[in-house]
Every structure is written in C-alpha cells, then in structure tokens.
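# Topology and contacts: notes
The residues making up each chain are set out below.
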Amino acid sequence: MEFYRKPGVSVTSEWFTVAGRRFPVTELTQLRTARGPHDPLTVRAVVVTGGVLVVIGIAFGYTGEFYRLNAATYLALGAAAFVPVLLAFLGHRLRPPTWELWGRYRGEMMLLFSSDQERQFGQLSRALRRAQEVARYGGVAEPVVTAPPPWEPPAH
C-alpha cells in the first residue's frame with residue numbers, strides 16, 4: 001500500500017525511501033519533528049549589524065558625543081537599531097529553517113528527512129505515521145471493530 005510518492009521520496013506500508021536510502025517502516029521508532037537551524041547568512045547578518053551598532057553606541061558613549069547630536073541624528077540611530085530586527089524577520093521569511101524528521105533506526109537516532117516546504121514535510125510525516133499504523137495492525141488500514149460505536153443509535 002502506497003501512502004506518499006514524490007521524486008526521491010516514497011512511503012509504502014513496508015518501506016520509507018528517501019534519497020536512495022531504504023528504511024523498513026517497522027524498524028523506525030521514536031519519530032519526532034524538529035526545526036533546523038536558521039540560515040547561516042541571516043544569522044551572520046544579524047550578528048554583524050548588531051555588533052556594529054553596539055560599537056557605535058560605545059564609541060559615542062566614550063566620546064560624549066551624544067549630547068551634541070541633533071534630533072535627526074537620534075532618529076537615524078534609532079532607525080538603525082531596528083536593522084538587525086528587520087534582517088532577522090526578512091531572513092526568517094525568505095529563508096526559513098528547514099523542517100526535520102528524526103527517528104531511531106536500529107538503535108541510532110538519525111535525521112530521516114528534511115525539507116524547507118512545510119506542506120511537503122507534513123504530508124510525508126503523516127504518511128509515514130499511517131504506514132507505521134498499518135504495519136502495527138498487520139496490514140489492516142483501519143482497526144477491525146466488532147461492535148458498533150456507543151454513539152450510534154441501535155438498529156431497528
């Protein structure tokens with residue numbers, strides 16, 4: 001039974017295949033999702049910009065120049081203080097952290113799948129969990145129910 005198929009990735013009731021590696025669904029345990037690290041370029045831009053602003057602030061503090069500045073300069077320094085925040089926001093929106101699927105395979109915790117597309121990641125992780133449920137129930141997609149659920153009215 002096939003649950004998910006895209007180029008390079010497939011999930012069946014027996015196998016999880018990604019980037020040429022095959023994992024038996026029954027041997028994958030402790031599945032969990034996580035977010036990857038932020039884009040290194042975004043992190044560096046925020047750190048460098050914040051550092052430059054701190055150095056400017058310290059330099060003005062030691063020289064006493066804060067008392068001689070006009071209102072436009074204070075406004076420009078205030079706007080410059082928002083540059084790291086703006087860079088972090090834009091970096092997060094344009095280059096978001098990846099979504100990661102981790103699991104234990106043969107005793108070792110490993111990264112099984114990673115994607116920067118939330119929808120694809122959600123579809124794949126749900127498909128893998130469904131495949132594990134099917135494997136757990138012995139090939140039955142839904143658990144066998146012998147009695148009607150208690151919320152259904154009795155048949156007349």
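Scope of this entry: the structure provided in the associated data block.

Rules of the game
Residues numbered from 1 in each chain as written. Predicted model: local features only at pLDDT ≥ 70, side-chain atom pairs only at ≥ 80, totals over all residues. Heavy atoms only, no water. Core = buried A, V, L, I, M, F, W, Y, C linked by side-chain atoms within 4.5 Å. Buried < 20%, exposed > 50% of the residue type's maximum accessible area, 1.4 Å probe, protein only. Helix = DSSP H or I, 4+ residues; strand = E, 2+ residues; numbered from the N terminus. Contact = heavy atoms within 4.5 Å. Pairing = 2+ DSSP bridges. Axes fitted to C-alpha atoms, helices over the stretch in contact; angles between N-to-C directions.

## Comments concerning the nonpolar core
Ranked by size, the top nonpolar core spans 21 residues in total, and within it V11, F16, F23, L28, F113, L124 and L128 carry the most contacts. At the level of secondary structure, the elements contributing two or more residues to this core comprise β1 (2–6), β2 (9–12), β3 (15–18), β5 (28–35), β6 (99–105), β7 (108–115) and α4 (118–136). Once you skip the residues sitting within four places of it in the chain, F16 turns out to touch V9, S10, V11, R21, R22, F23, V25, L28, L112, F113, L124 and L128.

## A closer look at the sheet that holds β2
Spatial strand order, β1-β2-β3-β4: 4 strands in an open sheet with antiparallel pairing. The two strands at the open ends of the sheet, each matched to only one other strand, are β1 and β4 (21–24). Across the sheet, the mean angle from the axis of one strand to that of its neighbour is 10°, orientation sign disregarded. Inspection of the sheet shows β3 paired to β4 by 4 bridges, in the antiparallel sense. Each residue of the ladder has a partner; that of V18, found in β4, is R21. α4 contacts β1, β2 and β3 of the sheet and is inclined by roughly 150° relative to β1.

Honestly, it's all geometry; don't read function into it.
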